[in-house]
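Structural features, examined
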Amino acid sequence: MFDLIVIGGGPAGYVAAERAGHAGLKVLLFEKRSLGGVCLNEGCIPSKALLNSAKIYEKAIHGSDYGVEIEGARIDHAKVMKRKAKVVDMLVGGVGAKMKKHKVTVVKEVATIVERNADGFVVEAAGENYVAKQLLIATGSVPVVPGIPGLKESVEAGYTLTNREILDLMEVPDKLTVIGGGVIGLEMASYYVAAGSDVTVIEMLDHIAGQTDTEIGLILKKSLEKKGIKFMLESKVTAVNNGAVTYEKAGEVVTLEGDKVLLSIGRRAFTESLGLDKIGVETVRGTVPTDALGRTNISGVYAAGDVNGKSMLAHTAYREAEVCVNTILNKKDYMRYNAIPGVIYTYPEVASVGETEATATQKGFDIKTVQLPMIYSGRYVAETEKGEGIVKIVVDAKYDRIIGVHMIGSYVSEMIYGAGLMIETELRIDDIKELVFPHPTVSEVIREALFEL
Ligand SMILES: Cc1cc2nc3c(=O)[nH]c(=O)nc-3n(C[C@H](O)[C@H](O)[C@H](O)COP(=O)(O)OP(=O)(O)OC[C@H]3O[C@@H](n4cnc5c(N)ncnc54)[C@H](O)[C@@H]3O)c2cc1C
C-alpha cells in the first residue's frame, strides 16, 4: 500500500515523486519508457545539446568578425549525436539516483488504472496490482499526427519523423522539410541547417514562432533566413508522399521533394488506454482538466504536466507537480500561469514572459510599451557583430508595473526568469529602477528601457 502512485516519469512525474518522497510519503512511480520523459529523452535536453553544437559552429564560421580565424569549421553529426546521448544518459541516471535518494519505488512498466476500492486506487502493471490512497496522472503528451493523405504511411516508412526520431537521426538529410514553424520546428531547422541540410519550413500561419511578439518573430525569421532556412508561410500541407510534401499557397499547389520530413505541428495530451474512465476522471479532448491546486474532478486524483493541456512546458510541469504534492500534504499552494517564461533556443535566442501587446490589449489592460535595441547594452555590442536584438516591455499603465517582457538576442534565456520575478512579485517600475544590475551585462537593457517610459 502506497501513499501516492504517480503514472509517468517525465518532469511532472519525477518531480512529484521526488518532492513527495522527500516529504516522507511512500511513493510508487510508473514509467513505461525512460525516466525523464519526453524532456530528458526526446525533447528539451537532447535538442539543446544539438543546438549548442550549432551555436559553436555559427560562432566558428563568423570567428573572423571577431578577429579569430577558423578554417574548415564543420559539424561532425555523429560526434554531436554521441555527445547528446551521453548528456541524456547522465541526466536520466541523475533522475534514477534522485528516486533512490527519496525512497521512491520505480516500476518500469505500462500502468493502467483498474478501479477505486475501499483501500484506494488500484493500478495494474505487468500483471500485478498496486494500491495507493492518492493518484497523480503525469502521462504527458505525444505529437499530433493529422489525417493528411499519405502522412501516416510516410511516418511508417521512416520518411516523416517526429521529435523522437529526428533527435536520433544518424545521418544529416540533404533536404529536410519541416511541417510547422513553431518552437520545435524552428529549433530543429536551426540545428539541421547548421549541420548541412537544405531546410524548408512550411507554416500555415502568416508568421513563425506561434504566439511570440510579432516584431520579434519577424527579426527571428530574418535571422534564420540568413542562415539558409527557407520559409513557406500561409501554406497548407495537403499531401505527403514518402519524403515529398505537397502544399497549397494562395491557390497554387507546390510539391517539395525531400529526403526527410519533420512533423512538428503541435502535441496533444496522452491519456489513451489509461483507464481514467474506470474511476470517473473527466477528460476534455484527451486532456485531464485540473484546478489551481492540481485536483481533477475526482477527490484524491491529481494531474500535472502536459497531460492537463495548459502550458506544455517542462518548467510548468515541475511547478504543477509541486502544487499537487503540496495539496496532498495540506500545504497552502496554488498554480499561477501569468509569469511562465517561454524560450526558443535558436541562435539568436528568443525569450518571453507574461503578456504581449496583443494579449494585454485583448484582456483590456491599459498598456504602455517600451522597446530598446540590445545595442544599449555595452556587453551586447562588445560581443555581437550585426546583432538585431531587442527588448520590449509591456507595462500596466494603471499600476505602473511590468506585465510582459519579450526579448531576442544573446543570453535572453538566462535573463528571462528575472523578468518573470518582476511580474510575479508585482514590482512597480520605480522599484525596479532602484535595483542594481551587474555591468556590463545584456540584462541591463531591461532596466535601461524603463527610463524610456
Ligand atoms: C523536441 C522538444 C523540445 C522541447 N523543448 C523544451 C524546452 O526547451 N523547454 C521546455 O520547457 N519544454 C520543452 N519541451 C516540452 C517538454 O518536453 C514537456 O513539456 C515535458 O516533457 C512535459 O513533461 P510531462 O512530465 O508532463 O510529460 P512527459 O515528459 O511527456 O512524460 C510523460 C511520461 O509518462 C510516461 N507514460 C505515459 N503513459 C504511461 C503509462 N500508462 N504507464 C507508464 N508510463 C507512462 C511516458 O513514457 C513519458 O515518459 C520540448 C518538447 C519537445 C518534443
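The structure this text deals with has already been given above.
Residues numbered from 1 in each chain as written. Predicted model: local features only at pLDDT ≥ 70, side-chain atom pairs only at ≥ 80, totals over all residues. Heavy atoms only, no water.

1. A few points about the site of the ligand
- As a structural note, the neighbourhood of the ligand is formed by 38 residues, with Glu31, Val38, Lys48, Asp306 and Ala314 the closest of them.
- Within the side chain of Glu31, an N or O atom sits 2.7 Å from an oxygen atom of the ligand.
- Between an oxygen atom of the ligand and a main-chain N or O atom of Cys39, the distance comes to 3.3 Å.
- Contact with the protein chains hides 94% of the accessible area of the ligand, taken as 990 Å² for the molecule alone.
- Those elements that place two or more of their residues in the shell around the ligand are helix H1 (11-22), helix H2 (37-42), helix H3 (44-61) and helix H9 (314-328).
- Ranked by residues supplied to the shell around the ligand, first place goes to H2 with four residues.
- Looking at the shell around the ligand residue by residue, the classes come out as 18 nonpolar, twelve polar and eight charged. (Near = heavy atom within 4 Å. Polar contact = N/O pair within 3.5 Å; in protein donor to acceptor, adjacent residues only side chain to side chain. Areas by Shrake-Rupley, 256 points an atom, 1.4 Å probe, with all protein chains shown as cover. Helix = DSSP H or I, 4+ residues; strand = E, 2+ residues; numbered from the N terminus. Nonpolar A, V, L, I, M, F, W, Y, C, P; charged D, E, K, R; others polar.)

2. A few points about the side chain of Asp306
- Within the secondary structure layout, Asp306 lies in the loop between strand S17 (301-303) and H9.
- No salt bridge forms around the buried Asp306; measuring N to O, its nearest opposite-charge neighbour Arg267 is 4.4 Å away.
- A distance of 2.8 Å separates polar atoms of two side chains, one belonging to Asp306 and the other to Ser141.
- With near-sequence residues (within four places) excluded, Asp306 lies in contact with Gly140, Ser141, Arg267, Ala269, Met312 and Leu313. (Buried < 20%, exposed > 50% of the residue type's maximum accessible area, 1.4 Å probe, protein only. Lys, Arg positive; Asp, Glu negative; His and termini not counted. Salt bridge = Lys/Arg side-chain N within 4 Å of Asp/Glu carboxyl O. Contact = heavy atoms within 4.5 Å.)

3. Comments concerning unusual backbone geometry
- Between Tyr347 and the following residue, Pro348, the backbone shows a cis peptide bond with an omega angle of 5°.
- If you trace the backbone, Pro348 turns up in the loop between strand S18 (342-344) and strand S19 (349-354).
- Of note, the bond from His439 into Pro440 is cis; its omega dihedral lies within 30 degrees of zero at -5°.
- Mapped onto the fold, Pro440 is located in the loop between helix H13 (429-433) and helix H14 (444-450).
- Backbone geometry places Lys103, a non-glycine residue, at a positive phi of 55°.

4. Focus: H3
- Here H3 contains 18 residues, and its C-alpha end-to-end distance of 26 Å stays within 8% of the 26 Å for a straight helix at 1.5 Å per residue.
- Looking at H3, one finds that the buried residues are Pro46, Ser47, Ala49, Leu50, Leu51, Ser53, Ala54, Tyr57, Glu58 and Ala60.
- Tucked inside the fold, the buried residues of H3 contact H2, helix H4 (77-101) and helix H7 (183-195). (Expected span 1.5 Å × (residues − 1).)

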